[in-house]
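# Remarks on the overall topology
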Amino acid sequence: MIELKNIEKYYANKGVKSYILRHVTTSIKQGEFVSIMGPSGAGKSTLLNILGMLEEPTYGEYHFMGEDVTAMKERQRIELYRNHIGFVFQAYHLIDEMTVAENIEAPLLYKKIPGSERKSRIADVLDRFNMVAKKDLFPNQLSGGQQQLVGIARALVAQPSIILADEPTGNLQSTQAEQIMDLFKKLNQEEGITILQVTHSEKNAQYGNRILTIEDGVIKEDISVEKQM
Amino acid sequence: MFKLNLKIALRNLFKNKVYAAINIGGLAIGLTAFVLLLLFVNHESSYDKWSPELKNVYQVREYHDFFTPDNKAYWQQRSESRIATVLKEKIPQFKYVTKASEGWGDGYSVKIDRNNPVIVKDIVDADSLFFKVFPYEFIDGDELTAINAPNTIVLKQSVAIQLFGTDKVIGRQLKLVRWRSDEGNLMTVTGVVKDPSTAESLAFNAITHTGERDTDPDQISNSNYTGIYVRAEKFLDTNVLNKSLLNVYVDYKKALLKARGTTYNEFYKEKNRKAGLKILPISEVYSTPSFSENWLAKIKPIIALSIFLLIISVINFVNLATAQSVQRAKEVGVKKVLGAYKKQLVLQFLMEAAIQTLTALFITIILVELLLPAFSNHFNVQLSFWHSDQLLSIISQLFGLFILITLLAGFYPAMVLAKYNPVKVLKGNYESGFGGIALRNGLVVLQFIIAVTFIIGIGVMYKQNHYMASKDLGFDRDKLINISTNYETGDSFVESIKRIPSVKYVATTTQVMGNTFNTSRELTFNNQKFDVNAVTVTMDALPALGVKVVTGRIFAKEYAQDTINSVVLNQSAANLLGKNLVGKTFTSGPKNDVFQVVGVIKDYNNESFEKAVLPTIYKVTHLGGSSNTNNLLVRFDNDHYQSAIKTIEAEWKKVYPDFPMIYTSVEDAFLKELKPSLRLMQIVVLFSIISVVLSLLGLFALSTFMAKRRTKEIAIRKILGASDLQIINMLNKSFMILVVSANLISWPIAFILTKKWLEGFAYRIDMPFWPFAIATLTSVIIAVFTVSLQARKAAVNNPVDALKYE
Ligand SMILES: Nc1ncnc2c1ncn2[C@@H]1O[C@H](COP(=O)(O)OP(=O)(O)O)[C@@H](O)[C@H]1O
Ligand SMILES: [Mg+2]
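The name recorded for chain B in an unreviewed UniProt entry is ABC transporter permease, from Pedobacter frigiditerrae.

Per an unreviewed UniProt entry, chain A goes by the name ABC transporter ATP-binding protein and belongs to Pedobacter frigiditerrae. A UniProt comment under Sequence similarities (unreviewed entry) is attached to chain A, and it reads "Belongs to the ABC transporter superfamily. Macrolide exporter (TC 3.A.1.122) family."

So, in structure tokens, the structure goes:
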């Protein structure tokens, strides 16, 4: 589903190139659950942003579902956002002025899904995440874990084929983190959604089936996780 | 989607109530000034558009110097009456030609049965063709024959109701008295016309047909000036027609001047005069006054002011919306990764601007309704909003304004927002995702330039007005009244009021503040020709005015010569003629009459300060012709002259029961001359206050955001040991640079503008310095105050609170 070939990213500062990513070549198949690990400043977020087309690589090839991303027009990219990619952020990034239900509805509006279907889909996710009672609350009336659940619900409601999550549990306590990780695993195994997460926690990384370790912008390790559970 | 965006917009407005109020309120104020102006412009441009047939109606204008304020030639609305006859014969395109003379003085006295007489203004005397030219709608009477017979009168419906209490007045009679000793004409009402829905340049309350307009003066040497209007068969090319009109006019003038014993060449060519006759579509008459500038030129400063005010409020809007956009950055970033097109985001924010503009517009409409009476009063026009005949066009103008303001105010913030880079924003890195600081600073500077210029303007105008109000006019204006009537020597009424105890002088002059009539006269002195202004006075006029003698003497009864050929010069005339003039003689008039100068007086102001006093000769004698212009000056010798006026009025009523006595104090006439510039100042003061308040509100809100945005920085600085005062100073500094640079730019702008305004006055102050200093000081002080208010709040906060949230 994702093909990276020789991806490089650097910032030029006063004639000096400082590399963030170097020679990143890898591929991610449909249905994988990949955890990206590495020390702070290694380039994990940059890589994820490039995969999410939020940033452009300085050099290299990137194919998403067989299409060349670097040659893509803005419109096509937005179409991918609407139909294939779901984002989950460490800081949740819910829209403060919208209720839980409205936050979840937002991506469906951009997909131009008719009102009746929107309603039933929102009802479905709310039900699944046990948040029906909270649907008319605003984000600041929820706990961090609940907010992140809404963030994931928002990513899921558009039925994406891949979820990109940058430290989704970074701001959460461990019980809440476990709940999120379980959810990711279930989504991956039962619905076949490809998941790519950045995490600092060994434990969280174990939920997936593959771990990419990045150091100084280079992929140091690429191992698959043995299933002990 | 629209519904959701609307909800978000409203939630945001409620969350930031103060800013929303500043934004919407500011916009509403700016819009109110603009909409009032719009109503005024609509009204002023609505003249003579009340019937489609008016497009075939034209006014004839002759170029001449009779009855002009400065004795120079102008394109005048009154033409020599014989021209009407000539046009009827020579120009086949004119279907009807009518003569209509506007009433003069204070109006005519109308007496119905035994009722008290009432003064009615704007009674126009016409020949029988008036209603063939002007398509007035008759609601009673026969429009074809109404004013065929002499001594008939057609009333406007409103006037009929006002005079008779009903508009069923055909056949009723009223007596028209034109001056105090006039016996009056008994007129029969033969028609009532509907009041047109929009304004007329030839505004009348009644049209009379006395018969005086039917004929021209018998003697070829006499002229009669009257308004001439024509109705064309079909559309005319005025350019082409005016050429043949000029030819006809020149031929006519040649014949006339020859009959008067002179020649065309002598009258025009040798004296460098220009002959001219043209027609003007009636729709252009109001916007083309003969002497003054037209209404558009007159209200230019006000147009500029209200546009500036609108700009200031739009700037506030843009500034606040852009500053506030930091709070919306996350929303934009998230929406982008959810798949929103940029266009959708721009539309969303434009819609938010539209909501606020619309709210502002509703407030504006309420404000306009509230302010309209005062505004109409101030400008002396009858404006209406809901009841206006132009409501439809006003509404479409408002709609256009709504779109324009929405785009002006909303487009830039919307673009800024929609341009946010989601990665940067979502990383929490707002600052770098946040552009337009330079532009916002620029806008604050622009706002302050306007505000400071306004303040300087007030200062300069205040000084000039003060100067004019306290300037020595060269005559004594208190204890002096002017009764509006003619005065012939030996008049029994005048003799009777002279006997009233506190009356000191009774006199007449053609030149007094409030009613000045200038006639040009050519004189020959030392074989040199001079053009001067000639004023006819009675013996007591100069003492009554209290003029100051420079050399020689003024008129007095002891000198029999004064009724024969004495003249008094004013200083300007003396300067023109030379030195040591007392006792010298000059000649004037076709018969070379000899006049002797007996004295020189100080120039005295008799018109507004925009005009320099003309070189003038004063004479009592009728030698060389005289004029008489409805001024009867009465000077009292003590301050308690109110009872004396009562006595005069009683005396008047006894002798002239059919004509009410009308008088003004010369002090009031003087205040009336000051009024236009006082009025302008009042408006500038009002606009300045609003613009300064708006600018400060903008600055207040902007500094709030600035302080908020720098909360973390402030907290860290405090932990590092900065004092509150240092923090306040730090925040003030960035704004102070803006305010000071705005001041530096304002100075030359204000200087040029006020200088130009001052140049409109013949009597003016030198450019004062202190308004500049005060404006700068004021703007700096209030800016520091406003910013400090916010900065202090930010500075005294506990730094721990600020950092905890990060
Ligand atoms: N705009 C930028 N200019 C220069 N350097 C940057 C920029 N953005 C990120 N970096 C640098 O790139 C490196 C990698 O950042 P990031 O991908 O966020 O690391 P991680 O997510 O692994 O902690 C960091 O050292 C950071 O300083
Ligand atoms: Mg990171």
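Okay, back to it.
### Considering the packing of aromatic side chains
Residue and element names in this part refer to chain B. Inspection of every chain in the model, using the stated rule, returns 35 aromatic pairs over all chains. Judged by centre distance (5.4 Å) and plane angle (90°), the rings of Phe493 and Trp652 are edge-to-face. Remark: Trp652 occurs in helix H18 (residues 642-655) and Phe493 occurs in helix H15 (residues 492-498); sequence separation between them is 159 residues. Judged by relative accessible area, which is 2%, Trp652 ranks as buried. Ring plane angle 65° and centroid distance 5.4 Å describe the contact between Trp652 and Tyr656, whose orientation is recorded as edge-to-face. Each member of the pair, Trp652 together with Tyr656, is buried.

### Some details on the UniProt feature "transmembrane region" (unreviewed entry) in chain B
All names here are of chain B. The sites that carry the UniProt feature "transmembrane region" (unreviewed entry) are, in the present numbering, residues 20-41, 302-324, 345-372, 392-417, 438-462, 680-702, 735-754 and 769-789. Between the first and last C-alpha atoms of residues 302-324 the distance is 33 Å; the span itself is 100% helix and 0% strand. Counted over residues 735-754, helix gives 100% and strand 0%. Its end C-alpha atoms are 27 Å apart.

### Quick word on the sheet that holds strand E5 (residues 67-68) of chain A
All names here are of chain A. Taken in spatial order, the four strands of this open sheet run E2-E1-E4-E5, and their pairing is antiparallel. What marks the edges here is a single partner per strand, and that holds for strand E2 (16-28) and E5. Taken together, the nine bridges between strand E1 (residues 2-13) and E2 define a ladder with antiparallel strand orientation. If you follow Tyr10 over to E2, its bridge partner there is Tyr19.

### Thoughts on helix H1 (residues 2-15) of chain B
An ideal rise of 1.5 Å per residue puts 20 Å on 14 residues; H1 of chain B measures up with 20 Å between its terminal C-alpha atoms. Along H1 of chain B, the residues that are buried comprise Leu4, Asn5, Ile8, Ala9, Asn12 and Leu13 of chain B. Packed against the buried residues of H1 of chain B are helix H3 (100-110) of chain A together with helix H2 (17-44), helix H10 (300-337) and helix H11 (342-379) of chain B.

### Observations regarding empty space enclosed by the protein
All names here are of chain B. With the rule as written, the count across this model stands at five cavities of 30 Å³ or more. Forming the boundary of the largest cavity are 23 residues, of which Ala321, Gln324, Arg328, Glu352 and Gln356 lie nearest the centre. If you list the elements that add at least two residues to the lining of the largest cavity, you get H1, H2, H10, H11 and helix H12 (391-418). Among the elements that take part in the lining of the largest cavity, H10 stands out by supplying six residues, more than any other.

### Section: a nonpolar patch on the surface
A surface patch of nonpolar side chains, about 440 Å² in accessible area, is lined by Val740, Leu744, Ile745, Ile749 and Leu753 of chain B. Inspection of the secondary structure puts Leu753 of chain B in helix H21 (residues 724-759).

### Points about the side chain of Thr536 of chain B
Residue and element names in this part refer to chain B. Mapped onto the fold, Thr536 is located in strand E20 (residues 528-536). By relative accessible area, Thr536 is classed as buried at 11%. In contact with Thr536, not counting residues within four places along its chain, are Thr508, Thr509, Thr510, Lys619, Ser626 and Ser627.

Thresholds, definitions, all that
Residues numbered from 1 in each chain as written. Chains lettered and ligands numbered in written order. Predicted model: local features only at pLDDT ≥ 70, side-chain atom pairs only at ≥ 80, totals over all residues. Heavy atoms only, no water. UniProt positions renumbered as here; feature names shortened; annotations may be inferred. Phe/Tyr/Trp six-rings, centres within 6.5 Å; stacked < 30°, edge-to-face > 60°. Helix = DSSP H or I, 4+ residues; strand = E, 2+ residues; numbered from the N terminus. Buried < 20%, exposed > 50% of the residue type's maximum accessible area, 1.4 Å probe, protein only. Pairing = 2+ DSSP bridges. Expected span 1.5 Å × (residues − 1). Contact = heavy atoms within 4.5 Å. 1 Å grid on protein atoms, 1.4 Å probe; cavity = no way out; pocket = protein on both sides within 12 Å on 5 of 7 lines; lining within 4 Å. Points joined across faces, edges and corners; volume = space filled by probe spheres on them. Patch = residues over 30% accessible without salt bridge, like charges linked within 9 Å, V, L, I, M, F, W, Y side chains within 5 Å. Areas by Shrake-Rupley, 256 points an atom, 1.4 Å probe, with all protein chains shown as cover. Salt bridge = Lys/Arg side-chain N within 4 Å of Asp/Glu carboxyl O.

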